[in-house]
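Per-entry structural report
Given next are the chains, with one letter for each unit.
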Amino acid sequence: MESGMLLSGGQRELIRESWQRLSGSPVQHGLVLFTRLFDLDPDLLPLFQYNCKQFASPQECLSAPEFLDHIRKVMLVIDAAVSHLENLSCLEEYLCNLGKKHQAVGVKVESFSTVGESLLYMLEKCLGTAFSPDVREAWSKLYGAVVKAMRRGWETLPEGD
């Protein structure tokens, strides 16, 4: 994860500025992200179970206190990536372990593209006109780097890949 090579200084600044606008309401913005995720792929809902309780609907899941804690954690991971834009490699081991945890609960690698779409949707809805094509590209690159590190949790990638 060589973020210096991945993101230009301008892209890092766009990410920081856009994230700053959202940092005051992480759960509210996370709800937008996960509502979109369940709209795009309702089959992901069964992955979220707490105390062996299966949610009957996305709305039930999205209002559960345990799920709201999950949203907070997801937003903290995004915040950590934004905070370490100059040196994403320091998050490599953490993200790899996070990937292992996601694999253990049945998340498929393919689901990360849907999560990425949901992240971009949330940014677009919550930033409004501030969500420019350049902001989209910067966030797409950052998300790609995060997913690549998480995938190492259940895929052995060739060195340097």
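Report follows, based on the coordinates. Bear in mind the structure is a predicted one, so any value in this text is a computation, not a measurement. (Residues numbered from 1 in each chain as written. Predicted model: local features only at pLDDT ≥ 70, side-chain atom pairs only at ≥ 80, totals over all residues. Heavy atoms only, no water.)

What follows deals with the overall build of the protein. Counting its secondary structure elements, the protein contains eight helices and two strands. For the protein, the succession of helices and strands along the chain, N to C, is α-α-α-β-β-α-α-α-α-α. Relative to a compact globule of 161 residues, whose C-alpha radius of gyration would be 15 Å, the protein shows 16 Å and is just as compact. Along the three orthogonal principal directions, the C-alpha set of the protein runs to about 45 × 40 × 20 Å. Among the 161 residues that make up the protein, the fraction classed as buried is 40%. Partitioning the contacts of the protein with sequence separation of at least 6, the portion at a separation of at least 24 is 71%. Only carbon and sulfur atoms are counted for the fraction: they give 53% of the accessible area of the protein, which is about 8800 Å². Between the averaged position of the 16 positive side-chain charges in the protein and that of its 21 negative side-chain charges there is a distance of 2 Å. (Helix = DSSP H or I, 4+ residues; strand = E, 2+ residues; numbered from the N terminus. Rg over C-alpha atoms; globule rule 2.2 N^0.38 Å. Buried < 20%, exposed > 50% of the residue type's maximum accessible area, 1.4 Å probe, protein only. Contact = heavy atoms within 4.5 Å. Areas by Shrake-Rupley, 256 points an atom, 1.4 Å probe, with all protein chains shown as cover. Lys, Arg positive; Asp, Glu negative; His and termini not counted. Charge placed at Lys NZ, Arg CZ, Asp CG, Glu CD.)

Take the packing of helix α2 (residues 9-22) against helix α8 (residues 133-151) next. At a minimum axis distance of 9 Å, the contact between α2 and α8 shows a crossing angle of 95°. Put simply, α2 runs roughly perpendicular to α8. Contact residues: Q11, L14, I15, S18 and W19 in α2; D134, V135, E137, A138, W139, K141 and L142 in α8. Of the residues belonging to the contact of α2 with α8, the class tally is seven nonpolar, two polar and three charged. (Axes fitted to C-alpha atoms, helices over the stretch in contact; angles between N-to-C directions. Parallel < 35°, antiparallel > 145°, perpendicular 65-115°, else oblique. Nonpolar A, V, L, I, M, F, W, Y, C, P; charged D, E, K, R; others polar.)

We now examine helix α7 (residues 111-127). In this model, α7 (17 residues) spans 24 Å end to end at C-alpha, consistent with the 24 Å of a helix rising 1.5 Å per residue. Of all the residues in α7, the buried ones are S111, F112, T114, G116, S118, L119, L120, M122, L123 and L127. If you follow the buried residues of α7, they end up packed against α2, α3 (26-40), α5 (65-83) and α8. G128 lies just past α7 and shows a positive phi near 65°. (Expected span 1.5 Å × (residues − 1).)

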